[in-house]
Amino acid sequence: MRWSFGARVVATVASLVAGVQAADSFSFRDSDTGFLFQQYNAAYKIGTTIAYRVALPSQINATYPVVVQIAAPVEVGWAGLAWGGSMINNPLMACWANGASSTISSRYTVGHSQPPVYTGAQYEIIKAGTYTNRTHWKVTAKCTGCTSYTGASNRAVTLNANGNNRFAFAYSSTKPSNPGSNTTNFPVHEVTNYWNHDFNAAKNPDFSALLEKNGLKGDSN
Ligand code: HEM
Ligand SMILES: *[C@@H]1O[C@H](CO)[C@@H](O)[C@H](O)[C@H]1NC(C)=O
Ligand SMILES: *[C@@H]1O[C@H](CO)[C@@H](O)[C@H](O)[C@H]1NC(C)=O
Ligand SMILES: *[C@@H]1O[C@H](CO)[C@@H](O)[C@H](O)[C@H]1NC(C)=O
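Residues numbered from 1 in each chain as written. Chains lettered and ligands numbered in written order. Predicted model: local features only at pLDDT ≥ 70, side-chain atom pairs only at ≥ 80, totals over all residues. Heavy atoms only, no water.

(A) Layout of the pattern of salt bridges. The final tally for this structure, using the stated rule, is four salt bridges. Its salt-bridge partner being Lys138, residue Asp32 comes within 2.8 Å of it at the nearest N-O pair. A residue pair is termed long-range when its members are at least 10 positions apart, and Asp32 in the loop between β1 (26–29) and β2 (36–45) and Lys138 in strand β10 (residues 136–144) qualify at 106 residues. (Salt bridge = Lys/Arg side-chain N within 4 Å of Asp/Glu carboxyl O. Helix = DSSP H or I, 4+ residues; strand = E, 2+ residues; numbered from the N terminus.)

Structural data, given as structure tokens:
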């Protein structure tokens, strides 16, 4: 009896540990910009992925900025990131190729339809990581307003800088009608999915210096 009681305790502890979601992301050092990212490879069809990357400062406050990077095969018409892990009630980042460059558009929606422009998040393009070549398009930006926002039922949300955050992505094979404009309409996705992105392992002690190296203003804290 004693033995079986002990076994039950062990089983309970094991299930509590299993309740903590493991991260789906891994470390990646980007040679274009120098940032150390956490990366997730989002499969949009069998054997083919879009890379979603996030880098954080090591000093965190209530409204901390991040650097975000997406790298996709040129066949990807547009790719989206939902910062709160669902289509509705969180900042959306929609991206696509645009000639030799690429475009980021900030959106937010309360319904499952064309997401309107969102001014609560600002993306400052990092040029060295924003281009289209023969095989891929890539976007890189500092985002202010992606990690804190007003969510469903007017709830104030701040993403967890010390653990994992649930993200969602969307993929379409069709380009927006006007790829040079970040306010263009774009067609509905063909694939969406979710993952756990590790923010704690995405911290860069040299975040401010890396911003400056990439032509942006350094951060004060
Ligand atoms: C950055 C852009 C977008 C992202 C990240 C995104 C993400 C998602 C995700 C994750 C879902 C699953 C349900 C949920 O978690 O809320 C979803 C559903 C849906 N989305 Fe989007 N979406 C985007 C843009 C669009 C656009 C442009 C349209 C239409 C023009 C659209 C139409 C829909 C519809 C109709 C559904 C419901 C269908 C279903 O769940 O079966 N979305 N979206
Ligand atoms: C479009 O780009 C401009 C210039 O970079 C920026 O000020 C604006 O916020 C962007 N709009 C969207 C919807 O991303
Ligand atoms: C094109 O860009 C991708 C994404 O950054 C990179 O992995 C690839 O090496 C580049 N290809 C060439 C030919 O430069
Ligand atoms: C939060 O920290 C960032 C740098 O990590 C800085 O740019 C920003 O001004 C800080 N915001 C506040 C409200 O202190």
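Text resumes after the structure shown.
(B) Quick peek at the coordination of the iron atom of ligand 1. Within the protein, the iron atom of ligand 1 binds to Met87 (SD) and His189 (NE2); these donor distances fall in the range 1.9 to 2.0 Å. The site at the iron atom of ligand 1 holds six donor atoms, and with the angles between them running 84 to 179 degrees, its shape is octahedral. Placement of the pair is Met87 in the loop between β5 (78–82) and β6 (92–98) and His189 in the loop between β13 (164–172) and β14 (191–198), with a sequence separation of 102 residues. Judged by relative accessible area, which is 26%, His189 ranks as partly exposed. (Donors = N, O, S within 2.8 Å, 3.2 Å for Na, K, Ca; no water. Tetrahedral: all angles 85-135°; square planar, octahedral: opposite > 155°, others 65-115°. Buried < 20%, exposed > 50% of the residue type's maximum accessible area, 1.4 Å probe, protein only.)

(C) Examining the side chain of Lys138 more closely. A relative accessible area of 8% places Lys138 in the buried class. A polar atom in the side chain of Lys138 sits 2.8 Å from the side chain of Asp32. (Polar contact = N/O pair within 3.5 Å; in protein donor to acceptor, adjacent residues only side chain to side chain.)

(D) Quick peek at the packing of aromatic side chains. Per the counting criterion, the structure on display carries 13 aromatic pairs. Considering the side-chain rings of Phe167 and Trp195, the 5.7 Å spacing of their centres and the 85 degrees angle between planes classify their relative orientation as edge-to-face. Here the residue Phe167 occupies a position in strand β13, and Trp195 occupies one in strand β14, the gap between them amounting to 28 residues. For Phe167, a relative accessible area of 1% puts it in the buried group. (Phe/Tyr/Trp six-rings, centres within 6.5 Å; stacked < 30°, edge-to-face > 60°.)

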